[in-house]
Amino acid sequence: MNIRANNVSLSINGRRILSNVTLLAEGGKMTALTGKSGSGKTTLLNCLGLIHPIDSGKIFVDNNDVTGWRESQRTLFWKDHASFIYQDYGIIDDETVSFNVSLKKFGNNQGQIKEVLEIVGLQGREKDKALVLSGGEKQRVAVARALVNHPSVVFADEPSGSLDTKNKGELHQLFFDLRDRFGQTFVIVTHDDELARLTDRTIHMKDGLITDDKNITL
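Residues numbered from 1 in each chain as written. Predicted model: local features only at pLDDT ≥ 70, side-chain atom pairs only at ≥ 80, totals over all residues. Heavy atoms only, no water.

## A closer look at the sheet that holds strand β9 (residues 201-206)
Logical step 1: Ordered by their spatial adjacency, six strands build an open sheet running β6-β7-β8-β3-β9-β10, and the pairing between neighbours is mixed. The outermost strands of the open sheet, each flanked by one partner alone, are β6 (82-86) and β10 (209-215). Averaged over all pairs of adjacent strands, the angle between their axes in this sheet comes to 15°, without regard to strand direction.
Logical step 2: Bridge count for strand β7 (residues 153-157) against strand β8 (residues 185-189) is five bridges, and the pairing is parallel. (Pairing = 2+ DSSP bridges. Helix = DSSP H or I, 4+ residues; strand = E, 2+ residues; numbered from the N terminus. Axes fitted to C-alpha atoms, helices over the stretch in contact; angles between N-to-C directions.)

## Regarding the pairing of strand β3 (residues 30-34)
Logical step 1: Counted residue by residue, β3 has five buried out of five residues, so it is predominantly covered.
Logical step 2: Side chains Met30, Ala32 and Thr34 project from β3 onto one buried face, and the interleaved Thr31 and Leu33 project onto a second face that is buried too.
Logical step 3: By the bridge criterion, four bridges tie β3 to β8 in an arrangement that is parallel. Along β8, the bridge assignment pairs Leu33 with Val189.
Logical step 4: Where β3 and β9 come together, four bridges link them in parallel fashion. By the bridge assignment for β9, Leu33 is matched with Ile203. (Buried < 20%, exposed > 50% of the residue type's maximum accessible area, 1.4 Å probe, protein only.)

## As for the sheet that holds strand β5 (residues 64-65)
Logical step 1: The strand order β2-β1-β4-β5 describes an open sheet built from four strands, whose pairing is antiparallel. In the strand order of this sheet, the two ends are held by β2 (15-25) and β5, each with one partner.
Logical step 2: As judged from the five bridges shared by strand β1 (residues 3-12) and strand β4 (residues 56-61), these two strands associate in the antiparallel manner. The partner of Ser9 across the bridge, within β4, is Ser56.

## A short note on the pattern of salt bridges
Logical step 1: If you walk through the whole model with that rule in mind, you get 12 salt bridges.
Logical step 2: A salt bridge links Asp93 to Lys138, with the nearest nitrogen and oxygen atoms 3.0 Å apart. Separated by 45 residues along the polypeptide, Asp93 in the loop between β6 and α3 (97-102) and Lys138 in helix α5 (residues 135-147) bring together distant segments of the chain.
Logical step 3: Of the residues examined, Lys138 reaches a relative accessible area of 14% and is grouped as buried.
Logical step 4: Shared partners join several salt bridges into a network, and the residues in it are Glu26, Arg201 and Asp213. (Salt bridge = Lys/Arg side-chain N within 4 Å of Asp/Glu carboxyl O.)

## Description of the packing of α5 against helix α6 (residues 165-182)
Logical step 1: Contact geometry of α5 with α6 gives a least axis separation of 10 Å together with a crossing angle of 20°. Relative to α6, the element α5 lies roughly parallel. Classified by chirality, the crossing of α6 by α5 is right-handed. Residues Gly136, Gln139, Arg140, Val143 and Leu147 of α5 touch α6, and the partners they reach there are Asn167, Glu170, Leu171, Leu174, Phe175 and Leu178. (Parallel < 35°, antiparallel > 145°, perpendicular 65-115°, else oblique. Left-handed = near helix turned anticlockwise from the far one by under 90°. Contact = heavy atoms within 4.5 Å.)

What follows is the structure in structure tokens.
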């Protein structure tokens, strides 16, 4: 699934956040959005994921203009095609691993939950309470939750920002494995230079503008 922005601009409370941003996140590839805090990376991610409306420009999913989609259309997009992963995991500690994964699923399918837990290396942990998990394991639960609807595109905002070096490396490798195994599109906001160097495309932002766009697969 291709995600494309054409001349996207956005201001919030009178402050320009994005200025005529044009980019392509190619289907089956991993695109990193980099830059200092306040450069517009997360806002752009939320615009590409149809969470935040834009002031001008266009957002395309494949060749479909989705800029003016109604809330019901966006909900179907999130349900059937897209998932989000955040730095803070979004895990409920007092609930089981299975329950936390099922939060994304519209309807509780234990077979699918077991499948994605196996993919992220947490097979057999369905009944464990989330509070006994390590930080790396909690992030893997968050990844499993993002995968349970078999998304075509995964949007991630600093997904390894709170992990130690070992867990960070394992999570990054998991993303690449998922890309290669399922052909999923990844759009990742990151401050991690090592991850950015390994992605298919690295887009650097400053003050709401794209200042560099490198496609290392060419």
